[in-house]
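Spelled out from the first residue to the last, the chains are:
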Amino acid sequence: MFFTTMCGVRRATGGARKAVVVTNAATAAPGGFTLIEMLIVVVVIAALSTALVASLAGRVDRRALDMAAKDLTAALQYAARQSRLSGLPHRIVIDESDSQFHIEQAASPTGREYAAVTGLPGRTRALGPGVTLDSVLVNGDLVPAQRSIDFGPEGGFEGQILLRNRKGQTLGVSVLAGQCCVAQAVQAR
(Lines give C-alpha, C1' and ligand atoms only; values in the text may rest on other atoms or scores of the structure.)
Protein backbone atom coordinates (compact mmCIF):
# COMPACT_ATOMS: atom_id res chain seq x y z
CA MET A 1 0.00 0.00 0.00
CA PHE A 2 1.25 3.50 -0.87
CA PHE A 3 0.61 6.89 0.63
CA THR A 4 1.73 10.29 -0.68
CA THR A 5 3.43 12.84 1.47
CA MET A 6 3.00 16.56 1.12
CA CYS A 7 6.13 16.98 -0.99
CA GLY A 8 5.05 14.43 -3.62
CA VAL A 9 7.06 11.48 -2.33
CA ARG A 10 5.20 8.18 -2.37
CA ARG A 11 6.24 5.75 0.30
CA ALA A 12 5.37 2.15 0.62
CA THR A 13 3.90 1.09 3.93
CA GLY A 14 4.18 -2.31 5.44
CA GLY A 15 6.64 -5.09 4.69
CA ALA A 16 10.34 -5.26 5.26
CA ARG A 17 11.37 -3.23 2.32
CA LYS A 18 10.53 0.33 1.93
CA ALA A 19 10.41 1.78 -1.58
CA VAL A 20 10.46 5.47 -2.20
CA VAL A 21 8.89 6.74 -5.44
CA VAL A 22 9.24 10.41 -6.27
CA THR A 23 6.63 11.99 -8.58
CA ASN A 24 7.20 15.24 -10.39
CA ALA A 25 4.59 17.61 -11.87
CA ALA A 26 6.62 17.80 -15.13
CA THR A 27 6.51 14.03 -15.66
CA ALA A 28 2.87 13.62 -14.70
CA ALA A 29 0.29 13.34 -17.51
CA PRO A 30 -1.08 16.81 -18.37
CA GLY A 31 -4.73 17.44 -17.69
CA GLY A 32 -5.21 20.07 -20.49
CA PHE A 33 -3.49 22.32 -23.05
CA THR A 34 -1.19 25.22 -22.31
CA LEU A 35 -2.04 28.73 -23.41
CA ILE A 36 0.75 28.70 -26.01
CA GLU A 37 -0.57 25.49 -27.58
CA MET A 38 -4.05 27.03 -27.82
CA LEU A 39 -2.67 30.21 -29.41
CA ILE A 40 -0.71 28.21 -31.99
CA VAL A 41 -3.86 26.29 -32.97
CA VAL A 42 -5.86 29.53 -33.28
CA VAL A 43 -3.14 31.13 -35.47
CA VAL A 44 -2.98 28.07 -37.77
CA ILE A 45 -6.79 28.01 -38.16
CA ALA A 46 -6.84 31.75 -38.91
CA ALA A 47 -4.13 31.39 -41.58
CA LEU A 48 -5.93 28.49 -43.26
CA SER A 49 -9.25 30.38 -43.19
CA THR A 50 -7.66 33.44 -44.78
CA ALA A 51 -6.14 31.34 -47.56
CA LEU A 52 -9.47 29.61 -48.19
CA VAL A 53 -11.41 32.88 -48.42
CA ALA A 54 -8.86 34.37 -50.84
CA SER A 55 -9.02 31.25 -53.00
CA LEU A 56 -12.81 31.24 -53.11
CA ALA A 57 -13.00 34.95 -53.92
CA GLY A 58 -10.96 34.37 -57.10
CA ARG A 59 -13.20 31.51 -58.12
CA VAL A 60 -16.35 33.57 -57.58
CA ASP A 61 -15.05 36.29 -59.91
CA ARG A 62 -14.10 33.75 -62.57
CA ARG A 63 -17.46 31.97 -62.20
CA ALA A 64 -19.33 35.28 -62.67
CA LEU A 65 -17.32 35.92 -65.86
CA ASP A 66 -18.05 32.41 -67.18
CA MET A 67 -21.77 32.74 -66.43
CA ALA A 68 -21.97 36.18 -68.09
CA ALA A 69 -20.26 34.84 -71.22
CA LYS A 70 -22.61 31.84 -71.41
CA ASP A 71 -25.67 34.03 -70.88
CA LEU A 72 -24.54 36.47 -73.58
CA THR A 73 -23.79 33.54 -75.91
CA ALA A 74 -27.32 32.18 -75.44
CA ALA A 75 -28.83 35.60 -76.14
CA LEU A 76 -26.72 36.03 -79.30
CA GLN A 77 -27.71 32.57 -80.54
CA TYR A 78 -31.37 33.33 -79.89
CA ALA A 79 -31.20 36.67 -81.75
CA ALA A 80 -29.43 35.10 -84.76
CA ARG A 81 -31.85 32.14 -84.91
CA GLN A 82 -35.00 34.26 -84.48
CA SER A 83 -33.80 36.67 -87.15
CA ARG A 84 -33.42 33.82 -89.66
CA LEU A 85 -36.74 32.23 -88.71
CA SER A 86 -38.90 35.37 -88.61
CA GLY A 87 -37.20 37.30 -91.41
CA LEU A 88 -36.98 40.33 -89.09
CA PRO A 89 -33.76 41.86 -87.82
CA HIS A 90 -32.90 41.25 -84.17
CA ARG A 91 -30.24 42.81 -82.03
CA ILE A 92 -28.63 42.63 -78.62
CA VAL A 93 -28.55 46.06 -76.97
CA ILE A 94 -25.80 46.52 -74.41
CA ASP A 95 -26.07 49.10 -71.64
CA GLU A 96 -22.48 49.58 -70.50
CA SER A 97 -23.35 51.92 -67.62
CA ASP A 98 -25.48 49.27 -65.87
CA SER A 99 -23.62 46.23 -67.31
CA GLN A 100 -26.89 44.88 -68.72
CA PHE A 101 -28.19 43.71 -72.09
CA HIS A 102 -31.48 42.74 -73.70
CA ILE A 103 -32.80 41.42 -77.03
CA GLU A 104 -34.84 43.58 -79.40
CA GLN A 105 -36.77 42.73 -82.57
CA ALA A 106 -37.44 45.06 -85.48
CA ALA A 107 -41.04 46.11 -85.99
CA SER A 108 -40.58 45.82 -89.77
CA PRO A 109 -38.07 44.23 -92.17
CA THR A 110 -36.37 47.61 -92.66
CA GLY A 111 -35.20 47.52 -89.05
CA ARG A 112 -35.71 51.20 -88.31
CA GLU A 113 -37.77 50.74 -85.16
CA TYR A 114 -37.07 48.10 -82.54
CA ALA A 115 -38.97 46.86 -79.52
CA ALA A 116 -37.90 44.53 -76.75
CA VAL A 117 -38.69 40.88 -77.38
CA THR A 118 -41.56 39.79 -75.17
CA GLY A 119 -41.40 37.03 -72.61
CA LEU A 120 -38.39 35.44 -70.99
CA PRO A 121 -35.98 35.93 -73.94
CA GLY A 122 -36.62 39.68 -73.90
CA ARG A 123 -35.93 40.30 -70.25
CA THR A 124 -33.03 42.55 -69.33
CA ARG A 125 -30.07 40.56 -68.06
CA ALA A 126 -27.18 41.74 -65.93
CA LEU A 127 -23.73 40.65 -66.98
CA GLY A 128 -23.00 39.58 -63.41
CA PRO A 129 -21.34 40.97 -60.32
CA GLY A 130 -18.13 42.74 -61.27
CA VAL A 131 -18.41 41.86 -64.99
CA THR A 132 -18.34 44.61 -67.61
CA LEU A 133 -18.21 44.87 -71.40
CA ASP A 134 -14.55 45.41 -72.20
CA SER A 135 -14.66 45.88 -75.98
CA VAL A 136 -16.03 44.60 -79.26
CA LEU A 137 -13.73 43.33 -81.99
CA VAL A 138 -14.73 43.00 -85.62
CA ASN A 139 -12.15 41.25 -87.82
CA GLY A 140 -9.64 41.72 -85.00
CA ASP A 141 -10.10 45.52 -84.94
CA LEU A 142 -11.48 47.37 -81.93
CA VAL A 143 -14.89 48.93 -82.59
CA PRO A 144 -15.45 51.85 -80.21
CA ALA A 145 -18.89 52.52 -78.71
CA GLN A 146 -20.55 49.39 -80.12
CA ARG A 147 -23.88 49.47 -78.28
CA SER A 148 -25.77 46.86 -80.27
CA ILE A 149 -24.97 43.58 -81.96
CA ASP A 150 -27.22 43.27 -85.03
CA PHE A 151 -28.47 40.16 -86.84
CA GLY A 152 -30.49 40.11 -90.03
CA PRO A 153 -32.21 37.24 -91.85
CA GLU A 154 -29.12 36.79 -94.04
CA GLY A 155 -26.58 37.04 -91.24
CA GLY A 156 -25.12 39.84 -89.24
CA PHE A 157 -22.44 40.56 -86.71
CA GLU A 158 -19.24 38.56 -86.89
CA GLY A 159 -16.53 39.21 -84.35
CA GLN A 160 -15.80 38.92 -80.66
CA ILE A 161 -17.32 40.58 -77.61
CA LEU A 162 -14.84 40.82 -74.73
CA LEU A 163 -16.01 40.72 -71.13
CA ARG A 164 -13.81 41.62 -68.15
CA ASN A 165 -14.21 40.94 -64.44
CA ARG A 166 -12.94 43.08 -61.56
CA LYS A 167 -9.73 41.01 -61.34
CA GLY A 168 -8.88 41.92 -64.95
CA GLN A 169 -9.59 38.47 -66.39
CA THR A 170 -11.15 38.58 -69.87
CA LEU A 171 -13.29 36.15 -71.77
CA GLY A 172 -14.55 36.51 -75.31
CA VAL A 173 -17.80 35.51 -76.96
CA SER A 174 -17.05 34.79 -80.60
CA VAL A 175 -19.67 35.03 -83.33
CA LEU A 176 -19.08 33.61 -86.80
CA ALA A 177 -21.83 32.99 -89.37
CA GLY A 178 -24.48 33.27 -86.66
CA GLN A 179 -22.79 30.64 -84.49
CA CYS A 180 -21.62 31.74 -81.06
CA CYS A 181 -19.16 30.24 -78.63
CA VAL A 182 -17.22 31.26 -75.55
CA ALA A 183 -13.51 31.56 -76.27
CA GLN A 184 -10.40 32.99 -74.69
CA ALA A 185 -10.07 36.67 -75.47
CA VAL A 186 -7.84 37.78 -78.32
CA GLN A 187 -5.93 41.03 -78.35
CA ALA A 188 -7.05 43.93 -80.55
CA ARG A 189 -4.78 45.04 -83.37
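These numbers were taken from a predicted model, which means no experiment stands behind them.

Below, the discussion takes up the sheet that holds strand β13 (residues 170-176). Within the open sheet, the 5 strands sit side by side as β9-β8-β12-β13-β14. Their pairing is antiparallel. Edge positions in the open sheet fall to β9 (141-142) and β14 (179-183), since each of these has one partner strand only. Relative to β9, strand β8 (residues 132-138) runs antiparallel, the two sharing 2 bridges. In the sheet register, valine 138 faces β9, and the bridge partner there is aspartate 141.

Formed by 28 residues in total, the largest nonpolar core has its most connected members in Leu72, Leu76, Ile92, Ile149 and Leu163. Residue assignment for this core shows that the elements contributing at least two residues are α1 (35-86), β4 (90-95), β5 (100-106), β8, β10 (148-152), β12 (159-164) and β13. Here this core takes 10 residues from α1, the largest share from any one element. When neighbours within four sequence positions are excluded, leucine 163 is seen to be in contact with Leu65, Ala68, Ala69, Leu72, Leu127, Val131, Thr132, Leu133, Asp134, Gln169, Thr170 and Leu171.

Counted by the stated rule, this structure contains 5 salt bridges. The shortest N-O distance in the salt bridge between arginine 125 and aspartate 71 comes to 3.7 Å. Here arginine 125 is found in strand β7 (residues 125-126), whereas its partner aspartate 71 is found in helix α1, with 54 residues between them in sequence.

Take the side chain of asparagine 165 next. As for its placement among the helices and strands, asparagine 165 is situated in the loop between β12 and β13. Judged by its relative accessible area of 4%, asparagine 165 falls in the buried class. A distance of 3.3 Å separates a polar atom in the side chain of asparagine 165 from the backbone oxygen of aspartate 61. Among the polar contacts listed, one links the side chain of asparagine 165 to the backbone nitrogen of lysine 167, at a separation of 3.1 Å. When sequence neighbours within four positions are dropped, the list of residues in contact with asparagine 165 reads Asp61, Arg62, Leu65, Gly130 and Val131.

Structurally, histidine 90 can be placed in strand β4. If sequence neighbours within four positions are ignored, histidine 90 has contacts with Ala79, Gln82, Ser83, Ile103, Glu104, Gln105, Tyr114, Val117, Ile149, Asp150 and Phe151.

Calculation notes
Along each chain, the written sequence defines residue order, and numbers are assigned to residues from 1. Totals for whole chains, interfaces and linings use every residue, but because this is a predicted model, local features are given only for residues with pLDDT of at least 70 and side-chain atom pairs only at 80 or more, for both listing and counting. Side-chain measures were taken over the full set of non-hydrogen atoms in the model, leaving aside hydrogen atoms and water. Two strands are counted as paired when DSSP detects at least two bridges linking them. Put simply, DSSP marks the helices as runs of H or I at least four residues long and the strands as runs of E at least two long, and each gets a number from the N terminus on. Here, the term nonpolar core denotes a set of buried Ala, Val, Leu, Ile, Met, Phe, Trp, Tyr and Cys residues that are joined through side-chain atoms within 4.5 Å. Each residue is assigned to one of three classes by its accessible area relative to the maximum for its type, calculated with a 1.4 Å probe on protein chains only: buried under 20%, partly exposed between the two thresholds, exposed over 50%. Whether two residues are in contact is decided by their heavy atoms, any of which lying within 4.5 Å being enough. Salt bridges, as used here, are contacts in which a Lys or Arg side-chain nitrogen is within 4 Å of a carboxyl oxygen on Asp or Glu. Any pair of N or O atoms that falls within 3.5 Å is considered a polar contact. Within protein, one atom must be able to donate a hydrogen and the other to accept it, and sequence-neighbouring residues count only if both atoms are side-chain atoms.

As far as function goes, none of this settles anything; it's purely spatial.
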